[in-house]
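Residue strings, one per chain:
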Amino acid sequence: MGSAEMCRDLATEVEKLLLQPSPYVRKKAILTAVHMIRKVPELSNIFLPPCAKLLHERHHGILLGTITLITELCERSPEALRHFRKVIPQLAQILQTLVTTGYSIEHSISGVSDPFLQVQILRLLRILGRNHEESSETMNDLLAQVATNTDTSRNAGNAVLFETVLTIMDIRSAAGLRVLAVNILGRFLHNSDRNIRYVALMSLLRLVQSDHSAVQRHRPTVVECLQETDASLSRRALELSLALVNGSNVQAMMQELQAFLESCPPDLRADCASGILLAAERFAPTKRWHIDTILHVLTTAGTHVRDDAVVNLTQLIAGAQELHAYSVRRLYNALAEDISQQPLVQVAAWCIGEYGDLLLEGNFEETEPLQVEEEEVLALLEKVLQSHMSLPATRGYALTALMKLSTRLRGDNNRIRQVVSIYRSCLDMELQQRAVEYDTLFQKYNHMRAAILEKMPLVERGGPQVDEEAKESKEAAQLSEAAPVPIQSQPSQLLDLLDLLDGASGNAQHPPLLDPSPGGALVHLLDLPYAPPPPAPIPDLKVFEREGVRLNLSFIRPPENPALLLIIVTATNSSESDVTHFICQAAVPKSLQLQLQAPSGNTVPAGGGLPVTQLFRILNPNKAPLRLKLRLTYNHFGQLVQEIFEVNNLPVESWQ
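Residues numbered from 1 in each chain as written. Predicted model: local features only at pLDDT ≥ 70, side-chain atom pairs only at ≥ 80, totals over all residues. Heavy atoms only, no water.

Student: Please give an account of the overall build of the chain that cites residues and values.
Tutor: Scanning the chain from N- to C-terminus turns up 26 helices and eight strands. Every one of the 656 residues in the chain was classed for burial, and the buried ones make up 49%. Sequence-distant contacts, at least 24 apart, represent 66% of the contacts inside the chain between residues at least 6 apart. Surface summary for the chain: the accessible area is close to 32,900 Å², and the carbon and sulfur share equals 52%. (Helix = DSSP H or I, 4+ residues; strand = E, 2+ residues; numbered from the N terminus. Buried < 20%, exposed > 50% of the residue type's maximum accessible area, 1.4 Å probe, protein only. Contact = heavy atoms within 4.5 Å. Areas by Shrake-Rupley, 256 points an atom, 1.4 Å probe, with all protein chains shown as cover.)

The structure is reproduced here in structure tokens:
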């Protein structure tokens, strides 16, 4: 109840009472000192001398209070931390006495000698040994003795053991001692108490990065925990199982995780599917295995996968030329069985459109031969177009696939032209635009149709070679800037209509090229109007960075609506652990209008994987100075992170 001023005035009086003859008075004085330190940390130096004397007490309450007081002092004062490292042997002697002979019979619980005092001493040792080699070496033998001699049949013993494990994990302990700590947590996984199993899973998740091989020995037990009926336990087991996947066990672990995906609760399907896709991308032994794994996930839980799964699989198939026939056959069969999984339908439609000629050939060395007729393929795509379960983007994929097949099939294209003409009056504007473009391609530019609808070129997914080429291109650009050359007019090029990797959801409309000659006019393929040259780009802004998690803002102001600002939020993760349950929320002043679009996913993969993006639409008609308040929530290294901060240094070009 005392204020900070009262604590400063009475600190010397409390110090005197710490050495009073009465044990009751000394115990109350210690508790008062603890609260004083918590309220006024600068009073730490006053209580340093009495604490060393109080460690010799035999009274249980005084000794427990003294350990608590020293812990508070060490947490708040570096000077106290250095001072009390000298009493580590004395603390070790007290703890050894508790473990071997017992300290006080009346304070024993379930055969464990004074577990409250043991836990408090272990916490203090953890603070004293953190980042200090000499102190850690002094504790190694003692911690090994506590870990091997504590009874685990009761919760009191489990509490002491768990605190021992935390101490071993935090100090610079020997390698053998860390393996012992992992084995203790492995035994906890077999405990009948759910709370103990949960604590073990969380602790192993923290250890998996530093002691991967030791945690790997308990992989079968962790996989068994996936079948827990408790949702919190199965979620932690899923996160740990995904963290244990590496190049040597990826195939076995994927079998277990795919089996879990088929039976897991709905609220875990998205995390499980996302984790399987990320692990398969990082550790796939072969491209065919990678394709089979993604197809299994799309077939089992297609509606729960991340938004980038479709693009990743199409790029993977496009880059595996030897698997084009195999992939189109697998996808055709999957599509014929089920058209409800929208990501699967989109990939299948794209693949049939690109490699439909391979499907009709029927030459498959590794699958059962089955002749597919042209009418069957067209009927299946029409079924997708007419299905009430198909999203507008899915219909766009199917319509584009039909258009692609018009150059790959040997039969008459009248059926395809009829389907395309039907969608010229579709209510969906994007689908209607595609249909009008395709119909115009049939009527006015039929001689160019085969060239425009040829197979998509291979898109590199990144790698050392691509990075090197990008570096060389950048150097060449710098050289060209240093030595300017006369500007020459370039021949005009046609706008690419059918970027299948973008599918029917192509939100970005590329402006047609302008004729550089004075008074010239470029005839666009579909007589579309010209777009004005884009304004100067607004520089990007980094607004957050913590433990490898980084948040960047990119800005776009559409020329046709200067009052509108589009902010693209990009979250990347360069750490060794995935960021899960990522949520980004924003707020602006009342004079502005903010609309948050759905993010591209809620998991930011480790190691610089595919980032998560989100679009903010801000309407600022009065051109008021822009301020942004962001709230980030995510799980990283097994811990919940919440950050709230304001961004006041937004570029002036974003609002003026």
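Student: Requested: an account of the packing of helix H21 (residues 374-386) against helix H22 (residues 392-405), with residues and values cited.
Tutor: Axis separation between H21 and H22 bottoms out at 9 Å; the angle between their running directions is 155 degrees. The orientation of H21 with respect to H22, classified from their angle, is roughly antiparallel. Crossing angle aside, the handedness with which H21 passes H22 is left-handed. Across the interface between the two elements, Val-377, Leu-378, Leu-381, Val-384 and Leu-385 of H21 pack against Thr-394, Arg-395, Ala-398, Leu-399, Ala-401, Leu-402 and Leu-405 of H22. Across the contact of H21 with H22, the residue classes break down as 10 nonpolar, one polar and one charged. (Axes fitted to C-alpha atoms, helices over the stretch in contact; angles between N-to-C directions. Parallel < 35°, antiparallel > 145°, perpendicular 65-115°, else oblique. Left-handed = near helix turned anticlockwise from the far one by under 90°. Nonpolar A, V, L, I, M, F, W, Y, C, P; charged D, E, K, R; others polar.)

Student: Report on the sheet that holds strand S5 (residues 593-596), specifying residues and quantitative values.
Tutor: In space, the five strands of this open sheet follow the order S1-S2-S3-S6-S5, with antiparallel pairing throughout. Each edge of the open sheet is held by one strand with a lone partner, namely strand S1 (538-546) and S5. Strand-to-strand twist across the sheet, computed as the mean angle between neighbouring axes with direction ignored, equals 20 degrees. As paired elements, strand S2 (residues 549-556) and strand S3 (residues 564-573) share eight bridges and run antiparallel to each other. (Pairing = 2+ DSSP bridges.)

Student: I'd love a proper account of a nonpolar patch on the surface, names of residues and values included.
Tutor: Together, Leu-17, Tyr-24 and Val-25 make up an exposed nonpolar region whose accessible area comes to about 270 Å². Inspection of the secondary structure puts Tyr-24 in helix H2 (residues 23-39). (Patch = residues over 30% accessible without salt bridge, like charges linked within 9 Å, V, L, I, M, F, W, Y side chains within 5 Å. Salt bridge = Lys/Arg side-chain N within 4 Å of Asp/Glu carboxyl O.)

Student: Hey, could you go over the packing of aromatic side chains for me, with residue numbers and the actual values?
Tutor: Within the structure shown, the criterion is met by three aromatic pairs. When the ring of Phe-544 is compared with that of Phe-645, the centres are 5.7 Å apart and the planes differ by 10 degrees; the resulting orientation is stacked. Of the two residues, Phe-544 sits in strand S1 while Phe-645 sits in strand S8 (residues 639-647), which places them 101 residues apart along the sequence. A relative accessible area of 9% means that Phe-544 is categorised as buried. Overall, the relative accessible area of 16% leaves Phe-645 in the buried class. Positioned above the aromatic ring of Tyr-326 is the side chain of Arg-288, whose terminal nitrogen or guanidinium carbon lies 4.1 Å from the ring centre. (Phe/Tyr/Trp six-rings, centres within 6.5 Å; stacked < 30°, edge-to-face > 60°. Lys NZ or Arg CZ within 6 Å of the ring centre and 35° of its normal.)

Student: Give me the side chain of Ser-136: which residues, what numbers.
Tutor: Checked against the element boundaries, Ser-136 lands in helix H8 (residues 133-149). One polar contact links the side chain of Ser-136 to the main-chain carbonyl oxygen of Gly-129, over a distance of 2.9 Å. Setting aside residues no more than four positions away along its own chain, Ser-136 makes contact with Gly-129, Ile-171 and Arg-172. (Polar contact = N/O pair within 3.5 Å; in protein donor to acceptor, adjacent residues only side chain to side chain.)

Student: Describe the pattern of salt bridges, naming the residues involved and giving the relevant values.
Tutor: A complete count under the given rule lists 26 salt bridges for this structure. Note that Arg-130 is salt-bridged to Asp-170, the shortest N-O span being 3.4 Å. On the criterion of sequence distance, the pair formed by Arg-130 in the loop between helix H7 (115-129) and H8 and Asp-170 in helix H9 (residues 155-170) is long-range, its members being 40 residues apart. Among the residues examined, Arg-130 registers a relative accessible area of 36% and is labelled partly exposed. Residue Asp-170 is classed as partly exposed on the basis of its relative accessible area of 25%. Residues Glu-382 and Arg-415 are paired through a salt bridge, measuring 2.7 Å at the closest nitrogen-oxygen approach. With Glu-382 in helix H21 and Arg-415 in helix H23 (residues 414-422), this pair connects stretches of sequence that are 33 residues apart. Note on Glu-382: relative accessible area 15%, which makes it buried.

Student: Can you break down the state of the cysteines residue by residue, with the values?
Tutor: As enumerated under the stated definition, the model contains zero disulfides in all. Between Cys-74, a cysteine without a disulfide, and Cys-51, which holds the nearest cysteine sulfur, the sulfur-to-sulfur distance is 8.9 Å. Judged by relative accessible area, Cys-74 falls into the buried class, the value being 5%. The cysteine Cys-264 is free of any disulfide, with Cys-272 supplying the nearest cysteine sulfur at 5.2 Å. (Disulfide = S-S within 2.5 Å.)

Student: Quick one: what's the story with the pairing of S8, residue by residue and with numbers?
Tutor: Two elements, strand S7 (residues 628-636) and S8, share nine bridges in a ladder whose sense is antiparallel. Paired with Tyr-634 across the bridge in S8 is Val-641. Connecting the antiparallel pair S7 and S8 is a turn made up of two residues, with Phe-637 showing a positive phi of about 55 degrees.

Student: Any details on H22? Residues and values, ideally.
Tutor: Between the first and last C-alpha of H22 there are 20 Å, a value that for 14 residues agrees with the 20 Å anticipated at 1.5 Å per step. The buried fraction of H22 amounts to 12 of the 14 residues, a majority that puts the element mostly inside the structure. Here H22 has its buried residues at Thr-394, Arg-395, Gly-396, Tyr-397, Ala-398, Leu-399, Thr-400, Ala-401, Leu-402, Met-403, Lys-404 and Leu-405. (Expected span 1.5 Å × (residues − 1).)

Student: How would you explain the packing of helix H15 (residues 250-263) against helix H16 (residues 266-283) if you had to name every residue and give the values?
Tutor: Where H15 contacts H16, the two axes come as close as 10 Å, and the packing angle between them is 160 degrees. Classified by the angle their axes make, H15 and H16 are roughly antiparallel. The handedness of the crossing between H15 and H16 comes out as left-handed. Contact residues: Val-250, Met-254, Leu-257, Gln-258, Phe-260, Leu-261 and Glu-262 in H15; Leu-268, Arg-269, Cys-272, Ala-273, Ile-276, Ala-279 and Phe-283 in H16. Residues of the contact of H15 with H16, tallied by class, amount to 11 nonpolar, one polar and two charged.

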